[in-house]
Amino acid sequence: MKEMMIKFDFAPINTGFAKNGIYDTRILNFHSVRSGKNIETAYVGNVSVNVKRTTNSSTAFFNKQNNLFLKKLATVISDNGSLPGIQIASRLSAISANKHWESDPYVHTAEA
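Trainee: Would you mind going over the confidence of the model for the protein chain in detail, with residue names and values included?
Mentor: For the protein chain, per-residue confidence averages 81 on the pLDDT scale, and 79% of positions sit at 70 or higher. Looking across the protein chain, the model is least confident in strand E1 (residues 8–10), with a mean pLDDT of 80, and most confident in helix H2 (residues 64–79), with 93.

What follows is the structure, given as structure tokens:
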């Protein structure tokens, strides 16, 4: 009997590895260890169309420097056996971005 392989997609995550919107090498390492295996599509997350459309200073945006990182990322992800993907963002709103996590005051405990 042939074993069935279950495949997953790796959701786009804004890792914060883009100080002032410019990627650093941590993004390569992040996707290097997370792509492949049973990941069918590994999405690079929340890349803005330009600097004016970012939600915060850690959101990457398209420019010559980041485009080089994105090409390297696509190669790393592909070489690991996953299909590289990207989530493109464009924030244009009169409402200011929420830059901090919000949560309920609920405290998680081990007791159910």
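Trainee: Kindly report on the environment of Phe69, identifying the contributing residues and their values.
Mentor: On the secondary structure map, Phe69 appears in helix H2. On the basis of relative accessibility, which here comes to 12%, the residue Phe69 falls in the buried class. In this structure the C-alpha to C-alpha distance between Phe69 and Asp24, which are 45 residues apart in sequence, comes to 8.2 Å. Apart from residues lying up to four places away in sequence, Phe69 is in contact with Tyr23, Asp24, Thr25, Ile27 and Leu28.

Trainee: Run through the packing of helix H1 (residues 26–34) against H2, naming residues and quoting values.
Mentor: Interhelical geometry of H1 versus H2 gives an angle of 20° and a closest axis separation of 9 Å. Overall, the two elements H1 and H2 adopt an arrangement that is roughly parallel. Between H1 and H2 the crossing geometry is right-handed. On H2, the residues that touch Ile27, Leu28, His31 and Ser32 of H1 are Phe69, Lys72, Leu73, Val76 and Ile77. Its residues assigned to classes, the contact of H1 with H2 comprises 6 nonpolar, 2 polar and 1 charged.

What counts as what
- Residues numbered from 1 in each chain as written.
- Predicted model: local features only at pLDDT ≥ 70, side-chain atom pairs only at ≥ 80, totals over all residues.
- Heavy atoms only, no water.
- pLDDT = per-residue confidence, 0-100.
- Helix = DSSP H or I, 4+ residues; strand = E, 2+ residues; numbered from the N terminus.
- Buried < 20%, exposed > 50% of the residue type's maximum accessible area, 1.4 Å probe, protein only.
- Contact = heavy atoms within 4.5 Å.
- Axes fitted to C-alpha atoms, helices over the stretch in contact; angles between N-to-C directions.
- Parallel < 35°, antiparallel > 145°, perpendicular 65-115°, else oblique.
- Left-handed = near helix turned anticlockwise from the far one by under 90°.
- Nonpolar A, V, L, I, M, F, W, Y, C, P; charged D, E, K, R; others polar.

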